[in-house]
Structure formats: structure tokens, C-alpha cells
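# Observations on chain architecture
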Amino acid sequence: MFSVWYFTICPYRFDNFMNKLIEMADLPDELWRRILEIGVVETPNLLGYKDLCCLSITCRRLRRLSGDDSLWSSLFSSDFPLSSSHRRNSPPNSSSSKTLYRISFERDRARKAAAHKRAVLRIESQVAQHSSKMQEIQLQLDEENEKMKATVAELSNVRKVRQASVALNVWQPEVVRGRHKEIVEQCPVPADVRIHALENEFRLCKQQIVGLHKAYKEERKRLDAAKEQLASVKYHPLRDHRFTVDGVDDKRKRLKREHVK
């Protein structure tokens, strides 16, 4: 839309543009070949397979020139060095370099698609593991919370028993004294011993809950990182996915470098 509007309000620029195209079309084949050789052979990464494919659909002349075997042979050697070395060591065949490039490109794309699928499945497995671990931690948290609530309730009752036993040592009406005596008789162990045990159990439950909360937060970070990584992998389906879980590949590469040194 912008180019049409630009040339509509600036017709002289459109004329200049068309004149340049006509001048470029008048260039001899030898000069075009030299331009393509500079872009593909002599200056690597300046022109790639996409550029040659785009040139090939502009006109018949550039389609013929961009399909030159020397250009695609150079691209084949730079983009697929392993296949190129295998080709040099193997007996010659009648396939053109462009055909070999297309075959290698399709194989490489299929390999990347398979690697992408494996990477997605691996990360999805990590997400499932982290989610399952978080559920286990949440269940343990619920159990510890219920245990702490029961401990607090029992501790409150035992403290009432101790208060009742202290109240028995002073004068009080028989009705109140009988009720306190009944409360004390319901506790089979000494109140002070039971209170000490319950206080230790309460502190232990509190420590367990703090540790479980910390583990839950760390597992949540791992889950978020795995989900972010999964979204990135799904967004880039043709990227090389050669990483593994927990940096195993990095450790192997580091050990290999140390062994080489």
C-alpha cells in the first residue's frame, strides 16, 4: 500500500525506478554471473538459498542464471559441509548441486522437525513431573497443617488440665473442685510432660511447613521455567534442539574439553 501511494504522488520516482530496472535488464549475462559469484562464492553469507530462489521467480533469465551449478555447489558446501565431504568421497552421480541441496535441505528440515518433537515431548514431561511434585508437596503441606492444628488443640486442652491441677491445690467450692478433678483425671500422663512433648511436636511441624513452602516455591520456579521453555520451543519449530535436561550436555562438553586439554 505504501509503495503504490508513494509512486502515485511521485510519478517521476516511479519512472526512475522503471528506468533502473530496464538498465539492469540490459546487463549482459557475464556481468550477472559475476554479481552472483561475488554474492555466493566469494562473499559467504551475502546471498543464500532464499535469495537465489527469489531471483529465480523474477524472470526467465534470472531463473536460468540463478540455477547455475557452481552457485548451488558453493551453497551446498557451506550449508551442508558433512554432506559435501561425503559427496566428494563418493562416486560421481548425475544429480545437480541444486537437487542435492534440496535433498539435503529436506533431510535437515525433517531432522529438525524430529528433534523439535522430541524436545517438546521432553519438556512436556518435565512440566508434568514438576506439576506432580507440586501436588505431592501440597498434600504434605495439608497433612502438616492438619497435624499442627490438632497439636495446637491438644496443647490447649493439656494446658487447661495443668491449670485445673494447680487449682486443686487451693480452696474452691466442691462443684468447681469436682469439675477440675474430673478434667485432671482425663489426662493419663502428667500435664507438664505432655505439654513439653506437644511443644516439640509443634516446633517440628512448623519447621516442616517452612521447608515444604520453600520446596513448593522452588518447584514453582522450575515449572514456570519449563513452561517458558516449552512456549519458546513451540514458537521456533525449526531451531536446532539439542539440549537435554538439567544441563547434562553442558557437563559432558565441559568434561570433554578438560580431557582434551
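This structure is a prediction, so every number in the text was calculated from the model and none was measured. (Residues numbered from 1 in each chain as written. Predicted model: local features only at pLDDT ≥ 70, side-chain atom pairs only at ≥ 80, totals over all residues. Heavy atoms only, no water.)

## Focus: the nonpolar core
Among soluble globular proteins, nonpolar side chains are generally buried collectively. Here is the rule we go by: What is meant by a nonpolar core is a set of buried Ala, Val, Leu, Ile, Met, Phe, Trp, Tyr and Cys residues, joined one to another through side-chain atoms within 4.5 Å. Residue exposure (1.4 Å probe, protein chains only): buried if accessible area is under 20% of the type maximum, exposed if over 50%, otherwise partly exposed. Note on conventions: DSSP H or I runs of at least 4 residues are helices, E runs of at least 2 residues are strands, and numbering of each starts at the N terminus. What makes two residues a contact is simply this: any of their non-hydrogen atoms within 4.5 Å.
With 13 residues, the main nonpolar core has Leu52, Leu75 and Tyr101 as its most contacted residues. Mapped onto this core, the elements with two or more residues apiece are helix H3 (29-42), helix H5 (60-66), helix H6 (69-79) and helix H8 (97-167). Setting aside anything within four residues of it in sequence, one finds Leu52 in contact with Leu36, Val40, Ser66, Leu71, Trp72 and Leu75. Ala119, Ile123, Val127 and Val233 belong to the second largest nonpolar core, which has nine residues in total.

## Regarding the packing of H3 against H6
Cut-off, in case you're wondering: Simply put, an axis is a line fit to the C-alpha atoms, just over the touching stretch for a helix, and the angle between two N-to-C directions goes from 0 to 180 degrees. Should an angle fall under 35 degrees it is called roughly parallel, over 145 degrees roughly antiparallel, and 65 to 115 degrees roughly perpendicular, with every other angle called oblique. Crossing chirality is assigned from the near helix's rotation relative to the far helix, an anticlockwise turn below a right angle marking it left-handed and a clockwise turn marking it right-handed. Each residue is assigned to one of three groups, with Ala, Val, Leu, Ile, Met, Phe, Trp, Tyr, Cys and Pro labelled nonpolar, Asp, Glu, Lys and Arg labelled charged, and all others, Gly among them, labelled polar.
At a minimum axis separation of 9 Å, H3 and H6 run at an interaxial angle of 20°. It follows from the interaxial angle that H3 and H6 lie roughly parallel. Two packed elements cross with a definite hand, and for H3 against H6 that hand is left-handed. Listed contacts from H6 to Leu36, Glu37, Val40 and Val41 of H3 are Ser70, Leu71, Ser74 and Leu75. Residues belonging to the contact of H3 with H6 are distributed by class as follows: five nonpolar, two polar and one charged.

## Points about the packing of aromatic side chains
We count it as follows: Pairing of aromatic rings covers Phe, Tyr and the six-membered ring of Trp, with a centre-to-centre limit of 6.5 Å; geometry is then stacked below 30 degrees between planes, edge-to-face above 60, and tilted otherwise.
Within the structure shown, the criterion is met by five aromatic pairs. Ring geometry for Trp72 and Tyr101: centres 5.3 Å apart, planes at 65°, overall edge-to-face. Taken together, the residues Trp72 in helix H6 and Tyr101 in helix H8 connect sequence positions 29 residues apart. Here Trp72 matches Tyr101 in class, with each residue buried. Ring centres of Phe76 and Phe80 lie 6.1 Å apart, and the angle between their planes is 45°; on these two criteria the pair is classed as tilted. Ring-pair connections join several aromatic residues into one group, and the members of that group are Tyr49, Trp72, Phe76, Phe80, Tyr101 and Phe105.

## Considering helix H10 (residues 191-235)
Basically, it comes down to this: Each residue after the first adds 1.5 Å to the expected span of a helix.
In a regular helix each residue adds 1.5 Å, so 45 residues correspond to 66 Å; H10 covers 65 Å between its end C-alpha atoms and thus fits that length. Buried within H10 are the following residues: Ala191, Ile195, Leu198, Cys205, Ile209, Leu212, Glu219, Leu223, Ala226, Leu230 and Val233.

## Observations regarding the packing of helix H4 (residues 49-56) against H6
Between H4 and H6, the shortest axis-to-axis distance is 11 Å and the interhelical angle comes to 155°. One finds that H4 runs roughly antiparallel with respect to H6. Note that H4 runs across H6; the crossing there is left-handed. Residue-level inspection shows Tyr49, Leu52 and Cys53 of H4 in contact with H6, the latter providing Leu71, Trp72 and Leu75. For the contact of H4 with H6, the residue count by class is six nonpolar, no polar and no charged.

## Regarding the pattern of salt bridges
The test is simple: What counts as a salt bridge is simple: a side-chain nitrogen of Lys or Arg found within 4 Å of a carboxyl oxygen of Asp or Glu.
Evaluation of the coordinates by the stated rule reveals 11 salt bridges. A salt bridge links Asp29 to Arg64; the shortest N-O distance between them is 3.2 Å. Here Asp29, found in helix H3, pairs with Arg64, found in helix H5; they are 35 residues apart in sequence, far enough to count as distant. Here Lys234 and Glu124 are joined by a salt bridge, their closest N and O atoms 3.8 Å apart. One end of the pair, Lys234, is in helix H10; the other, Glu124, is in helix H8, and 110 residues separate them in sequence. On the basis of relative accessibility, which here comes to 48%, the residue Lys234 falls in the partly exposed class. With relative accessibility at 33%, the residue Glu124 sits in the partly exposed group.

## Looking at the side chain of Glu219
Rule in force here: Identification of polar contacts relies on pairs of N or O atoms within 3.5 Å, with a donor-acceptor requirement for protein atoms, meaning one able to donate a hydrogen and the other able to accept it, and with residues adjacent in sequence counted only if both atoms are side-chain atoms.
Tracing the backbone through its elements, the reader meets Glu219 in helix H10. Side chain to side chain, Glu219 and Arg222 meet in a polar contact 3.0 Å long.

## Thoughts on the confidence of the model for the protein chain
What counts is decided by this rule: The quantity called pLDDT is the predictor's confidence in a given residue, expressed from 0 to 100.
The pLDDT averaged across the protein chain works out to 77; a share of 67% of its residues lies at or above 70. By mean pLDDT, the top-scoring element of the protein chain is H10 (91), and the lowest-scoring one is helix H1 (residues 2-9) (40). Long-range and interchain partners of residues 1-9, a stretch whose pLDDT sits below 50, account for four contacts in this model, where long-range means more than four residues apart. Across residues 243-249, confidence stays below pLDDT 50; counting only partners more than four residues off in sequence or on other chains, it has 11 contacts.

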